[in-house]
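Survey of secondary and tertiary structure
Next come the chains, spelled out residue by residue.
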Amino acid sequence: MATTDSHVTIHMVASLDGFIARKDGSVDWLETSDEFVGGDTMDPESIEAFLKTIDCYVMGSRTYETALGFEAKGLGWSYGEKPTFVLTHRELPRTRDTVELYSGDLARFVNERLRPMFRNIWFVGGGVVSGECLRLGLADEVRYSILPILIGDGIPFFEKLDRDIALHLAEVKAYQSGMVGLRYEVRGKAAA
Ligand SMILES: NC(=O)c1ccc[n+]([C@@H]2O[C@H](COP(=O)([O-])OP(=O)(O)OC[C@H]3O[C@@H](n4cnc5c(N)ncnc54)[C@H](OP(=O)(O)O)[C@@H]3O)[C@@H](O)[C@H]2O)c1
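The following paragraphs examine the structure supplied in this document.

The rules behind the values
Residues numbered from 1 in each chain as written. Predicted model: local features only at pLDDT ≥ 70, side-chain atom pairs only at ≥ 80, totals over all residues. Heavy atoms only, no water. Salt bridge = Lys/Arg side-chain N within 4 Å of Asp/Glu carboxyl O. Helix = DSSP H or I, 4+ residues; strand = E, 2+ residues; numbered from the N terminus. Buried < 20%, exposed > 50% of the residue type's maximum accessible area, 1.4 Å probe, protein only. Phe/Tyr/Trp six-rings, centres within 6.5 Å; stacked < 30°, edge-to-face > 60°.

This brings us to the pattern of salt bridges. Within the structure shown, the criterion is met by 14 salt bridges. With a closest N to O distance of 2.9 Å, Arg-113 and Glu-100 form a salt bridge. Highlighted residues: Arg-113 in helix α3 (residues 106-117) and Glu-100 in strand β5 (residues 99-102), separated in sequence by 13 residues. Owing to a relative accessible area of 31%, Arg-113 belongs among the partly exposed residues under this scheme. A residue is classified by how much of its surface remains accessible, and Glu-100, at 30% relative accessible area, is partly exposed. Glu-141 is paired through a salt bridge with Arg-183; the nearest N and O atoms lie 3.1 Å apart. You can see Glu-141 sitting in strand β7 (residues 141-147) and its partner Arg-183 sitting in strand β10 (residues 180-186), a full 42 residues away along the chain.

Take the packing of aromatic side chains next. Across all of its chains, the model carries 9 aromatic pairs by this definition. Between Tyr-64 and Trp-77, the ring centres sit 6.2 Å apart and the planes meet at 90 degrees, which makes this aromatic pair edge-to-face. Of this pair, Tyr-64 sits in helix α2 (residues 61-72) while Trp-77 sits in the loop between α2 and β4 (84-87), and the two are 13 residues apart along the sequence. Of the residues examined, Tyr-64 reaches a relative accessible area of 0% and is grouped as buried. Ring centres of Tyr-102 and Phe-109 lie 3.9 Å apart, and the angle between their planes is 15 degrees; this geometry places the pair in the stacked category. In this pair, the class of Tyr-102 matches that of Phe-109, namely buried. One aromatic cluster is present, built from ring pairs that chain together Tyr-57, Tyr-64, Trp-77 and Tyr-79.

Here it is, written out as C-alpha cells:
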C-alpha cells in the first residue's frame with residue numbers, strides 16, 4: 001500500500017434523477033431490467049479484479065445499517081475483507097473485525113490516518129457523507145453510475161454543497177444493463 005499517491009473516490013449508484021435511495025432508505029429500484037444493445041458487460045472475473053484494487057471503504061452509519069440489513073437477510077457483505085470505516089457518533093454493532101467505527105474530524109481522519117496507509121480509498125455513501133467529503137475537498141474522483149430509472153424523490157447523491165466544484169469528465173461507459181458509468185476527476189485538487 002502506497003503512502004504518497006493515495007486517491008479518494010466517491011462512488012455510488014443513482015437513479016437518473018440523482019437519488020441513491022428512496023426517502024425511507026429503500027433501494028429496491030436498484031434491480032432494473034433494461035438492455036442497451038452493444039453496451040459493455042461486466043464479467044465476474046473483471047469485477048473481482050477491479051475490487052482488488054480498492055484498499056479500504058468509508059461509509060456513513062446509515063449506509064452501514066443498510067449493509068447490515070442486507071447481511072442479516074443473507075444477501076452477503078459487499079466489502080469483502082477490506083478495512084471498512086464507518087462514520088458514526090453511535091455505538092453500532094460490529095459484525096466483523098474489518099469494520100472500525102470512527103467519530104470526529106473527517107479531514108484529519110482521511111489525511112492523517114487513511115491517506116498514509118491506503119492507496120485507493122473508496123467512499124461508498126451515503127449522501128450525507130459524500131456531501132461532507134466534497135465540502136471538505138477530500139475527494140479526488142467522483143464515480144456516478146446512473147441506472148435507467150427515475151424514482152421522483154429520495155436521498156440525493158450528496159447533500160447540499162456550499163460552492164461549485166468543477167469536474168473533469170475522465171471516462172464514460174455504457175453497459176448492456178442500461179447503466180452508464182461516469183468517472184470525473186475533481187479539478188484543482190493538486191493546488192488545493
Ligand atoms: N445507491 C447507492 O449506491 C447507495 C450507496 C450508499 C448508500 N445508499 C443509501 O443511502 C442511504 C443512506 O444515506 P444517508 O445520506 O441517509 O446517510 P449516510 O451518509 O450513509 O450516513 C449519515 C450518518 O453518518 C454519520 N456521520 C456522518 N459524518 C460523520 C462524521 N464526520 N463523524 C461521525 N459520524 C458521521 C451520522 O450518523 P450518526 O447518527 O450515526 O452519528 C450521519 O447521520 C441508505 O438508504 C443507503 O441504502 C445508496
